[in-house]
Amino acid sequence: MKKSNMIKFSAAALTFLGISATGVKPVKQPVQAASKRIKVISKQSVTVWTNYQKGRHVATHLKKGSSHFVYQTATDSMGNLWYRIGKKEWVMAKYFNQVKSAKKAVKAKKTKAKSKKTKRVKKARSAASLAASWSAPMGSKARAKAVVSLAKQQVGKAYVKGSKGPNAFDNASLVAYVYKQAAGVNTGSSTKSQVKKGIAVDPSSGFVEGDLLFWGSKNKPYNVAIYVGDGKYVTAAGDQQGVIQASLSTYFWPSRARRVL
């Protein structure tokens, strides 16, 4: 065999074996990096196609909830967005949602929790800020406004006998919580003690914001409410209703009232 033919044969053999003529194995082209991760959200299973333009579907079907990496995106002639998730594996983008990284998901959760906490703090401060000072004199309109504001914020919460708040109340604990938090006034934790606070108000003469309204006997009324103005009051009405705002009625008029601000 001639020398030139021998060299060509040897080079071809080395190439076939994956070794270059220089004795170094050729470096493979790097695999394309995934741009994002997606998850099946809107169908029980999604068909995989060989191409986004006039391709044919393959036997593979992606189950709902499964996640996949995207290596390429493309738009077909109809304007539909497609994702390439593998070699000759294309899926329509409309059936998927992007998956957040664990780090981003945790950060988003913390941000949401922080936002809720900030809103709660601002809400509480807005009520308390209506009162210029907890040492404001009797008759202070600022403290009365603070009490009314905080009382209205409790509407919709549950009634639980013996609970002291802030997520559930009975009628006496609602009054105790609102007056303590909004005006710094200790009304006591029972209707028996609350009916002795402040000064007596004639129920027929009308009420002012912040007055305590009572129903029942003089020494042990069965219900108490906070008057919030415009003929309305807030009270913890019972298991079925919870904390409500209601209107005064001649059929259910308070038997007595006390002014503690």
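Residues numbered from 1 in each chain as written. Predicted model: local features only at pLDDT ≥ 70, side-chain atom pairs only at ≥ 80, totals over all residues. Heavy atoms only, no water.

**Description of the pattern of salt bridges**
Taken as a whole, this structure holds 2 salt bridges when the rule is applied. Among the ionic pairs, Glu209 bridges to Lys145, the shortest N-O distance being 3.2 Å. Here Glu209, found in the loop between strand 11 (199–201) and strand 12 (212–216), pairs with Lys145, found in helix 3 (residues 141–153); they are 64 residues apart in sequence, far enough to count as distant. Taking the relative accessible area as the measure of exposure, Glu209 reaches 28% and is therefore partly exposed. (Salt bridge = Lys/Arg side-chain N within 4 Å of Asp/Glu carboxyl O. Helix = DSSP H or I, 4+ residues; strand = E, 2+ residues; numbered from the N terminus. Buried < 20%, exposed > 50% of the residue type's maximum accessible area, 1.4 Å probe, protein only.)

**A few points about the nonpolar core**
Counting 26 residues, the largest nonpolar core has Val147, Leu174, Val178, Tyr179, Leu212, Ile226 and Leu261 as its most contacted members. Sorting the residues of this core by element identifies helix 3, helix 4 (171–183), strand 12, strand 13 (221–229) and strand 14 (232–236) as the ones contributing at least two each. If we ignore the near neighbours within four places in the chain, the residues touching Ile226 are Val147, Ala151, Val175, Val178, Tyr179, Gly210, Asp211, Leu212, Lys232, Tyr233 and Val234. Counting residues in each nonpolar core, the second largest holds 16 residues, with Val48, Val70, Ala74 and Tyr95 among its members. (Core = buried A, V, L, I, M, F, W, Y, C linked by side-chain atoms within 4.5 Å. Contact = heavy atoms within 4.5 Å.)

**Concerning the pairing of strand 6 (residues 81–86)**
Of all the 6 residues making up strand 6, 5 are buried; the element is thus mostly covered by neighbouring parts of the structure. Where strand 5 (residues 72–75) and strand 6 come together, 4 bridges link them in antiparallel fashion. Following the sheet pairing, Ala74 is matched in strand 6 by Trp82. Taking the residues between adjacent antiparallel strands as the criterion, strand 5 and strand 6 are bridged by 5 residues, where Gly79 takes a positive phi near 90°. Inspection of the sheet shows strand 6 paired to strand 7 (residues 89–92) by 4 bridges, in the antiparallel sense. Of the residues in strand 7, the one forming a bridge with Arg84 is Trp90. Between the end of strand 6 and the start of strand 7, which pair antiparallel, lie 2 residues, with Lys88 showing a positive phi angle near 55°. (Pairing = 2+ DSSP bridges.)

**As for a nonpolar patch on the surface**
A cluster of nonpolar residues, Tyr222, Tyr251 and Phe252, forms a patch on the protein surface that exposes about 440 Å² of accessible area. With respect to the helices and strands, Tyr251 occurs in the loop between strand 15 (243–247) and strand 16 (256–259). (Patch = residues over 30% accessible without salt bridge, like charges linked within 9 Å, V, L, I, M, F, W, Y side chains within 5 Å. Areas by Shrake-Rupley, 256 points an atom, 1.4 Å probe, with all protein chains shown as cover.)

**With respect to the side chain of Asn223**
Within the secondary structure, Asn223 sits in strand 13. Residue Asn223 is classed as buried on the basis of its relative accessible area, which comes to 10%. Looking at Asn223, its side chain comes within polar contact range of the side chain of Thr235, at 3.4 Å. Beyond its immediate sequence surroundings of up to four residues, Asn223 is in contact with Asn171, Leu213, Phe214, Trp215, Thr235 and Ala236. (Polar contact = N/O pair within 3.5 Å; in protein donor to acceptor, adjacent residues only side chain to side chain.)

Take it as geometry only, folks, not as evidence of what the structure does.
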